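So the chains spell out like this:
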Amino acid sequence: MSASELYSKYTKIWIPDPEDVWKSAEITKDYKDGDEVLHLKLEDEMPFEYSIDSNAERLPFLRNPDILVGENDLTALSYLHEPAVLHNLKVRFLESNAIYTYCGIVLVAINPYEQLPIYGEDVIHAYSGQNMGDMDPHIFAVAEEAYKQMARDEKNQSIIVSGESGAGKTVSAKYAMRYFATVGGSASEANVEDKVLASSPIMEAIGNAKTTRNDNSSRFGKYIQIGFDRQYYIIGANMRTYLLEKSRVVFQAEDERNYHIFYQLCASANRPDFKELNLSSAEDYFYATQGGNTEIDGVNDAEDFEKTWNAFTLLGVKDAHQMNIYRVIASILHLGNVEIVSERDVDTCGIAKNDEHLNYFCDLLGIEHDQMEHWLCHRKLVTTSETYVKTMSKQHAINARNALAKHIYAQLFNWIVEHINKALYTTSKQHSFIGVLDIYGFETFEINSFEQFCINYANEKLQQQFNLHVFKLEQEEYMKEQIPWTLIDFSDNQPCIDLIEAKLGILDLLDEECKMPKGTDQSWAQKLYDRHSSSLHFQKPRMSNTAFVVIHFADKVEYQCDGFLEKNRDTVHEEQINILKASKYQLVADLFQEEKEPATSNTKTKTSKITVRPLKPAMKAPNKEHKKTVGHQFRNSLQLLMETLNATTPHYVRCIKPNDEKSAFSFDPRRAVQQLRACGVLETIRISAAGYPSRWTYHEFFDRYRVLMTKKNILNDKKETCKRLLEIVIKDPDKFQFGRSKIFFRAGQVAYLEKLRADKFRAACMMIQKTVRGWLQRIKYRRMKKAAITIQKHVRGYQARRLVDLLRKTRAAVIFQKQYRMLVVRRKYLHIRNAAITIQAYTRGRFVRQVYHELLHQHKARIIQKYVRGWIARKRFSRIRNAVIYLQCCYRRMKARRELKTLKIEARSVEHYKKLTSGMENKVVQLQRKVDVQNKEHKAMTEQMTAVTTAQATEINRLNKELDRWREQQGDKSRETSLQEEIEKLREELGKSQNERKILEDTYTREKADLQQRVLDLEKENTLLKDEKDKLNQSIKNESKDVAEKLSLKTAKESERAKELEEERSRYQNLLKEYSRLEQRYDNLQEEVNLIKHTPGHRRNPSNQSSLGSDSNYPSISTSEVGDTEDAVQLVEEAGLENAAMDMTIFLKLQKRVRELEQERKLLRAEIERKEAAEAEKKEHNNIPANEQAADLAYNSLKRQELESENKKLKNELNELRKAIADKATGENSTNDVDNAYSVLLNQLRVANEELEVRKEEVLLLRTQIVDAARQKEVVGSMANLTEKYEWKRSDENTEKDDVIEAYNGICETNSQAEDWRYLNEDGELGLAYQGLKEVARLLEAQLQSQVRQHEEEVGRMQTQIEVLKEDLEKQQQVISQTLQMSPEARIEYNVQQEITRLTNENLDLKELVEKQEKNEKKLKKQLKLHMKKVQELEARNLVQKESRPELTRQVTVQRKEKEFQGMLEYHKDDESQLIRNLITDLKPQAVSATVPGLPAYILFMCLRHADYINDDQKVHSLLSSTINGIKKVLKKHNDDFEITSFWLSNSSRLLHCLKQYSGDDDFMKQNNTRQNEHSLKNFDLTEYRQLLSDLSIQIYQQLIKIAESLLQTMIVSAMLENETIQGLSSVKPMGYRKRSSSRVDGDSSYTLEAMVRQLNLLNNTMCEHGLDPEIIQQVFRQLFYIINAVTLNNLLLRKDVCSWSTGMQLRYNISQLEEWLRGKNLHQSGTMKTMEPLIQAAQLLQVKKKTSDDAAAICSMCTDLTPQQIVKILNLYTPVNEFEERVTVAFIRNIQSCLQDRNEPPQLLMDFKHMFPVIFPYNPSALNLDTIHMPANLNLTFLNRV
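Residues numbered from 1 in each chain as written. Predicted model: local features only at pLDDT ≥ 70, side-chain atom pairs only at ≥ 80, totals over all residues. Heavy atoms only, no water.

**Q** Summarise the overall build of the chain; cite the residues concerned and give the values.
**A** On a plain count of helices and strands, the chain comes out with 48 helices and 26 strands. The 1843 residues of the chain split such that 40% are buried. Here the contacts in the chain between residues at least 6 apart in sequence split such that 74% fall between residues at least 24 apart. (Helix = DSSP H or I, 4+ residues; strand = E, 2+ residues; numbered from the N terminus. Buried < 20%, exposed > 50% of the residue type's maximum accessible area, 1.4 Å probe, protein only. Contact = heavy atoms within 4.5 Å.)

Shown next, in the form of structure tokens:
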């Protein structure tokens, strides 16, 4: 393209500017070849003419399109030059607050001078595993790239961090090491990563200082190698240091400080253990105050010292060694304060005798005071013949003192570095390493000395390595894409390096001059002039003979020769060193020992840690001061560093200092350009621009520029289509090249293509605008035409309506006249007619009323006679009836008393009871049948009685209705007379009313005036009342606001409590997660230990392994431990003292049993006392004689003794029978006859047991009958007293009549039966038995009566409850009336308070009720255990005998009927391991896929039920422990299998539900059926095991989420952000070098949204197939959707390329698809979509307008779930994809920030995607009965027996 085409009108260019370096301008007139002036318009609209130098023939730099401004990678810019780079960095730094930018392989980091929230662990996890170009530029991205290449290529890596002082090198290196420590944390417990990080505060304290450019400037270079093993975990580290600035120890420039450690020690001088240091404030020491200010704003030296101390401790440095280190540092401060004074002679000097600082110095270092005082002022000169001691001048002594201080500090620095390396050293084999180089950048000051020379020499070497590496990468890229490679010319700085380090170079000449006895800086400078004056990179200054200029790659630097030789020699007097070597402190002596072998800091020698000191130091050659010069050492270490870097893959970080004022987010272009030129960024740009810097894949190019193609140019092959387009658009073939997968463009070609694309869009927009405007005008014309026609139509209609209206009114007037005349005549006629009718009516009415009055009087007389006669008859009837009833009652009472006396006499006789019960044992069955017949007859009689009563009630209702009808007929007759009387009264009242009317009219007129006056007064009062009303309304509003605030506070408190509960639950589940992690860690360590220890050792037997090796944390104490104490004691005695001490379960059983027995004893004692008090009260109030009670007690005791003796006899017979069977079985065990006999005897034994049970039931029945009979006697006595007391006062009531009839029928019936009983008395015994049966029937009848009385009492209680409820209802009505009078806010508050008090009362009542029920339940269980113990022992012995015998080969003849399946499974204790193996360890989910969900849980619970049924607590404990351990082993083995994890989560939750459902608790048994209630656990309370299973379920749930997260993690970003679900919506932008990063692997698969939805479907189907609870499934997807939201939003916040309008549209569509999927799966009601709210709001934020303040307010109100940092970050990252979109202005972002200031939210940029919601397991009881569950044969559980 020609210059005239490029430099056309409206093109933007860059022109030089003295202040801003480069300034933007716009061409206002097309440029033509040969023009000397460019006509421009600046940004402030000022015209400007830019002159073009015809000799240079170089036009100004072109500016990139606005769409490319702010790119993440500088190489993505179309025009690559200095102003474009500077402008892009400035825009990103100031407008987007982005401090990181890529420049090819270099990361440019600008120091913000402000703490940014972009370095947390959430950001580390967000960058972990990501490709380098996928996320925004960051130091973590470079670290991840290095870590990934190390793992993939198995090659060592290096990160080179450079920049001038204050640019942020140390911080960048620190964050890189933090990333490695977090991502590659050590696998062992050594915490190597913590030690690596702990070295930073130590090195900052001893190697960093405040300078004019930086408050924490590193005054040394360091290279840290972090070692990794084969699993890429950190195993160790090593540190190398370079060129410590020792001169800072003794001299600091203005406004600078010494090293931080000096000020930290002085700030901590008041510590008790620092008294021996004799330190004070830092202002008191010469070495700490030369810079002026000793403090740094915002820095607390005391707190930093604590960090340094803790870091030393973490690295294993003991407190004593630390004190030695601080002693040496304090001695340096004291040495600086040693005052050297001149004596009489100028060449002599001395030290005051009482100099306390010298004393402190010698005491702290443990050296001789006199010797040090002498040699500080004297010097030894050694010649070949003799030795001289020479005095020194004051200045020489001060220089020697300073040299000693520097040497001491340097040696201590090296010693600390060496010990840090020892602490970080590991014996494990290092597989690879990553090195982090934090080294000084290129420096140039007004006065440059030896330190700057060495720094710039190191940067020359690094720049050469950088250039070669960049050149190599470019060449590899071209070769990979098969692009023709031509050599690119780049500046090689090898001549400059040769000038410095080659033979007879600057360093060689310096070392040679140092060897000369009389060598000086001036002589060395002269040698440089003579040797290198012809070199291109060396110059001599015009005005100086003691300086030289070196032309470096970055700039010219003038070095002053003064001090070069002294600093290179680094001379320290040998006598002073010898004194220090003789120190009494080991550390001080070790610092100055001579090294036997020169070793660099990175060598790892395997020497012993013990240092052997010679008894006497060896003699050294005289005048031998140092082996090597500083320059020589630095050159060797630099050479070693370059070898290390060349053997690794380098990654570059260039730190830029934006300004010299250290102000936050301030950009000085001049300072930035200097550093960009010095650090090699522009060199990278130049190399890239020399080739093909812009690169596009064919697919991306087609998507971006297909608008430039015509339809005929588009082919099926996109590659050919792109080639055809470029051949048409770009004529010069050298401007582009076609590679295998990419198109390569020269600089500026992408901008040209963007211009063509924009022109195409502009033309299309113009066409669209033209068409739309024409369409709008046509629409407007049609609308106007239609309006004109409509107006004409309405005007004509209006005129026609006016004419019609006139005609209608004329005709109406004629009709009105006609009708009015007719009306006048008709009114006159009607008036006359009405007068005649009125006269006739009044006359006829008078005659009729006279006849009516006569008839009325006669009728009333007849009625009076009738009622009087009826009343007399009824009075006589009632008197006779009452007398008859009274006589009947008296007679019946007399009969009843006689019968009662006879019954009492019979009941008191003991012989009578003996006769009654003598035949009871033989005839009890017949009598029971007779009782049943009588009960049936009694039921029939009661049914007949109820039928009679209902018929009687219906008859009474019918009679009542007839009576009412008759009364109505009588009322009609009397109504006529009453009407006449009323008419007369009305006439009288009419007259009175007329008189009153007149009076009222008079009073009306009088009162009217009064009322008017009153109305005026009331109006005034009304106005006053309105004012008061307004005031009251205002006060009510204020009160309502207060109430609303109070309510809001209350709701906030409640929400806080709910949050606290949720946080507590999440903390508990996190602790469970941590416990499971530690448990896994322990298992791994245990396996490692087992692998290491091959020697045989002690193995635990299975018994103690079950109790001690269980994975459960809690002691298994259940209700079964309330068993017999003797059994527990026996277990302890058998186990022995040692095993008893180990088995904590037995100990806890005994302890709990003792406590419960003590409590039970107290309860029994209280019960006995209460019963004794009740019996004493009964004796006082009872009228029965004492001898009768004694007789009853004697009879009861006698009967009980007989039954107990009979029971003992049966037991003895049973034991004898067992012994006989056992003897026979042992004697004749081999024959089959004995087996048959044995089985027959066992059957007989079972029959005897059954008969024994029947006898026991009979005994219990008799006891209950006797007790009820005694109670009935007491009741009858009390009833007799009551009847005498009340004397039938209620005999006239209807209900008593039925009772009397019923009682009379019962007496007659019993009399008739008593006469007929003798016909059965054949042998005498039957009669007595029947008589006893009669007594039983009477007892039953008495029980029935007592039940009736109980029913009446219950009715009374219900009535009292009704009254109480009525009172409550009245109170509530009063409360409602009161609340209605209140304001709405007060009403709400009052209702809330009432509801709270009611709920608290109910909760307290329920708690008390639950506690009582639990106590009763425990008491009943204890009693049940005590009663059933003997029977259980009997069954257990039978089971033991059955198990010990071999199986019968032949079936016995006596067969037993098979019992009904009770839902229990029996197994032998030895089969437990096989049960766990078949049902848990080796079970595959597919094996039970066609059965009931949760089948293993049901089977395990049925086995548990049988263990509970036989009361075997050891079996219960063993089964549950083995189950939990087996599930844990399966999950550990398949820790990445979602199907197995889901399967066992379903089964563990189902087992937990079963333990709750069949626990016997009423709360869990509400939904059970009767059969399920029968299957409840009887003996054990497994609450603690329920907690263990709940914890296990939580752990399984967390593992399930972890697996699902790993399955979705790789899909989320690609499916939600990158994949185009809506085709053609997004548009590709130019990409930079990082998109072709080496971390990318060819063929990376991208996932679509459909793939992620399929994965979600698979997860959902798997969980549903396993029968997982729906609530848990909802919680799983709520967690997964939160992860989708967090990962997507975090990537959106860290990626500039996806923050666009099209991405927002794509996101909203994807979220709607996920929501539709949730609705399809019926999961939308679980609150899952609420977790997606931040992402939804982020998508809306990308799409809304972002211009005005109203838009800002709308954004703030819309984005409530996004933090202010996230909102501002998205707005900063928002990037238009097309030129027609507008960028977000900085002013709008500031407006947003001001609107968001009111939000009190924690500063959070990224969401914690690892956050896990606490899971809640609902209670879902099963509807299946246990007896309906069948086991499939493929489970191989044949050893289980159905019970």
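**Q** Which residues make up helix α15 (residues 506-515), and what are the values?
**A** Within α15, seven of the 10 residues are buried, which leaves it mostly tucked inside the rest of the structure. Considered for burial, the residues of α15 that qualify are Ile506, Leu507, Leu509, Leu510, Asp511, Glu513 and Cys514. Buried residues along α15 sit in contact with α13 (450-480), α14 (494-501), α16 (521-532), β19 (547-551), α17 (564-569) and α20 (630-646).

**Q** Residues and numbers for the sheet that holds strand β21 (residues 649-656), please.
**A** Spatial strand order, β6-β7-β21-β8-β17-β11-β12: seven strands in an open sheet with mixed pairing. Taken across any chain shown, the strands that pair with only one partner, and hence form the sheet edges, are β6 (100-103) and β12 (234-242). Direction aside, neighbouring strands of the sheet carry axes that sit 20° apart on average. Where strand β8 (residues 157-162) lies against β21, six bridges are found, and the strand directions are parallel. Note that in β21 the partner of Ile159 across the bridge is His651. Across the face of the sheet, helix α5 (residues 169-183) comes into contact with β8, β11 (221-228), β12, β17 (432-438) and β21 while running at roughly 160° to β17. (Pairing = 2+ DSSP bridges. Axes fitted to C-alpha atoms, helices over the stretch in contact; angles between N-to-C directions.)

**Q** Break down a negative patch on the surface for me, citing the residues and quoting the values.
**A** Together, Asp1405, Glu1408, Glu1411, Glu1414, Asp1581 and Glu1584 line one region of the surface with negative charge. A per-element tally of the negative patch places helix α35 (residues 1384-1444) first, with four residues. Here Asp1581 is to be found in the loop between α40 (1570-1574) and α41 (1583-1618). By relative accessible area, which is 34% here, Asp1581 ends up partly exposed. (Patch = residues over 30% accessible without salt bridge, like charges linked within 9 Å, V, L, I, M, F, W, Y side chains within 5 Å. Areas by Shrake-Rupley, 256 points an atom, 1.4 Å probe, with all protein chains shown as cover. Salt bridge = Lys/Arg side-chain N within 4 Å of Asp/Glu carboxyl O. Lys, Arg positive; Asp, Glu negative; His and termini not counted. Charge placed at Lys NZ, Arg CZ, Asp CG, Glu CD.)

**Q** Requested: an account of the sheet that holds strand β24 (residues 742-745), with residues and values cited.
**A** Read across the open sheet, the three strands follow the order β22-β24-β23; overall the sheet is antiparallel. Because the sheet does not close on itself, it has two edges, and the strands there are β22 (694-697) and β23 (736-738). Between one strand axis and the next, the sheet turns through 20° on average, direction left out of account.

**Q** Account for the nonpolar core, with residues named and values stated.
**A** The biggest cluster of nonpolar side chains holds 321 residues, and the ones touching the most others in it are Phe180, Tyr326 and Phe548. One finds Cys722, Leu725, Ile730 and Phe745 within the second-largest nonpolar core, a separate group that totals 18 residues. (Core = buried A, V, L, I, M, F, W, Y, C linked by side-chain atoms within 4.5 Å.)

**Q** Please provide a residue-by-residue account of a positive patch on the surface, values included.
**A** Positive charge collects at one region of the surface, where Lys895, Arg897, Arg898, Lys901 and Lys904 lie side by side. Relative to the helices and strands, Lys895 resides in helix α25 (residues 749-908).

**Q** Account for empty space enclosed by the protein, with residues named and values stated.
**A** Taken as a whole, this structure holds nine cavities of 30 Å³ or more when the rule is applied. Roughly 120 Å³ of volume is contained in the largest cavity. What lines the largest cavity is a set of 13 residues, among which Glu95, Ser96, Asn1772, Arg1783 and Val1784 lie closest to the centre. Elements that contribute at least two residues to the lining of the largest cavity include exactly α47 (1764-1773) and α48 (1786-1795). Here the lining of the largest cavity is composed, by residue class, of seven nonpolar, three polar and three charged. (1 Å grid on protein atoms, 1.4 Å probe; cavity = no way out; pocket = protein on both sides within 12 Å on 5 of 7 lines; lining within 4 Å. Points joined across faces, edges and corners; volume = space filled by probe spheres on them. Nonpolar A, V, L, I, M, F, W, Y, C, P; charged D, E, K, R; others polar.)

**Q** So, the pattern of salt bridges: which residues are in play, and what are the values?
**A** With the rule as written, the count across this model stands at 35 salt bridges. Among the salt bridges present, the one from Glu45 reaches Lys41, with a minimum N-O distance of 3.5 Å. Owing to a relative accessible area of 54%, Glu45 belongs among the exposed residues under this scheme. Here Arg1550 makes a salt bridge to Asp1669, at a shortest N to O gap of 3.9 Å. Separated by 119 residues along the polypeptide, Arg1550 in helix α39 (residues 1538-1557) and Asp1669 in the loop between α42 (1649-1665) and α43 (1670-1693) bring together distant segments of the chain. There is no split in this pair, since Arg1550 and Asp1669 are both buried. Overlapping salt bridges bring together Glu164, Lys657, Asp660 and Arg671 as one network.

**Q** Residue-level account of the packing of helix α23 (residues 698-705) against α25, with values.
**A** Relative orientation of the contacting elements α23 and α25 amounts to 35°, with a least axis distance of 11 Å. Counting all contacts with α23, which are made through Phe701, Arg704 and Tyr705, the residues of α25 involved are Val750, Leu753, Glu754 and Arg757.

**Q** Describe the packing of aromatic side chains, and please don't skip the residues or the numbers.
**A** In this structure the tally under the stated criterion is 40 aromatic pairs. When the centroid spacing of 5.5 Å and the interplanar angle of 70° are considered together, the rings of Trp22 and Phe61 count as edge-to-face. One end of the pair, Trp22, is in strand β2 (residues 21-27); the other, Phe61, is in strand β5 (residues 61-62), with 39 residues separating them in the sequence. Under the relative-accessibility criterion, Trp22 is labelled buried at 18%. Taking the centre distance of 5.1 Å and the plane angle of 75° together, the rings of Phe1543 and Trp1544 count as edge-to-face. No difference in accessibility class separates Phe1543 from Trp1544, as the two residues are buried. (Phe/Tyr/Trp six-rings, centres within 6.5 Å; stacked < 30°, edge-to-face > 60°.)

**Q** Would you mind going over the confidence of the model for the chain in detail, with residue names and values included?
**A** Detailed reading of the predicted model is not advised wherever pLDDT is low. A residue-level look at the chain finds 77% of positions with pLDDT of 70 or above and a mean pLDDT of 77. Predicted confidence for residues 1228-1235 stays below pLDDT 50, and this span has five contacts to residues more than four positions away or in other chains. Residue range residues 1442-1458 is modelled with pLDDT below 50. Its contacts to residues more than four positions away, or to other chains, number 10 contacts. (pLDDT = per-residue confidence, 0-100.)

**Q** Give me the lowdown on the pairing of β8, citing residues and values where you can.
**A** Where burial is concerned, most of β8 is hidden: six out of the six residues are buried. Where burial is concerned, the two faces of β8 agree: the one with Gln157, Ile159 and Val161 and the one with Ser158, Ile160 and Ser162 are both buried. Judged from the five bridges that link them, β8 and β17 form a sheet pairing that is parallel. Following the sheet pairing, Val161 is matched in β17 by Asp438.

**Q** Which residues make up the packing of α42 against helix α44 (residues 1701-1720), and what values do they have?
**A** At a closest axis distance of 11 Å, the pairing of α42 and α44 adopts a crossing angle of 25°. As far as their axial angle goes, α44 and α42 are roughly parallel. The handedness of the crossing between α42 and α44 is right-handed. Contacts from Leu1649, Met1652, Val1653, Leu1656, Asn1657 and Asn1660 of α42 reach α44 at Asn1710, Gln1713, Leu1714 and Trp1717. In terms of residue class, the contact of α42 with α44 is built from six nonpolar, four polar and no charged. (Parallel < 35°, antiparallel > 145°, perpendicular 65-115°, else oblique. Left-handed = near helix turned anticlockwise from the far one by under 90°.)

**Q** Provide a residue-level description of unusual backbone geometry, including the pertinent values.
**A** Even without being a glycine, Tyr113 presents a positive backbone phi close to 55°. Relative to the helices and strands, Tyr113 is located in the loop between β7 (106-110) and α3 (121-127). Positioned with a positive phi, Leu243 is a non-glycine residue whose angle comes to about 50°. Here Leu243 lies in the loop between β12 and α7 (260-267).

**Q** Account for the environment of Phe61, naming residues and giving values.
**A** Here Phe61 falls in the partly exposed class, since its relative accessible area comes to 21%. Linking Phe61 and Tyr79, residues 18 residues apart in sequence, is a C-alpha distance of 8.3 Å. For Phe61, the contacting residues outside a window of four places in its chain are Ile13, Trp14, Trp22, His81 and Pro83.

**Q** Quick rundown of the environment of Phe274? Include the residues and the values.
**A** Positionally, Phe274 belongs in the loop between α7 and α8 (301-314). It is 8.3 Å that separates the C-alpha atoms of Phe274 and Met323, two residues lying 49 residues apart in sequence.

**Q** Outline α13, supporting the account with residue identities and numerical values.
**A** Here α13 spans 45 Å end to end across 31 residues, near enough to the 45 Å set by a 1.5 Å rise per residue. By the criterion of burial, α13 is predominantly enclosed, with 24 of the 31 residues buried. Of the residues trailing α13, Gln482 is marked for its positive phi of about 60°. (Expected span 1.5 Å × (residues − 1).)

**Q** Just give me the short version of the side chain of Asp1508, but keep the residues and values in it.
**A** For Asp1508, the location among the structural elements is in helix α37 (residues 1495-1509). The side chain of Asp1508 is buried and forms no salt bridge, while Arg1505, the nearest opposite charge, is found at 6.2 Å. Non-local contacts of Asp1508, meaning those with residues more than four positions away in its chain, are made with Val1516, Leu1577, Lys1578, Asn1579 and Phe1580.

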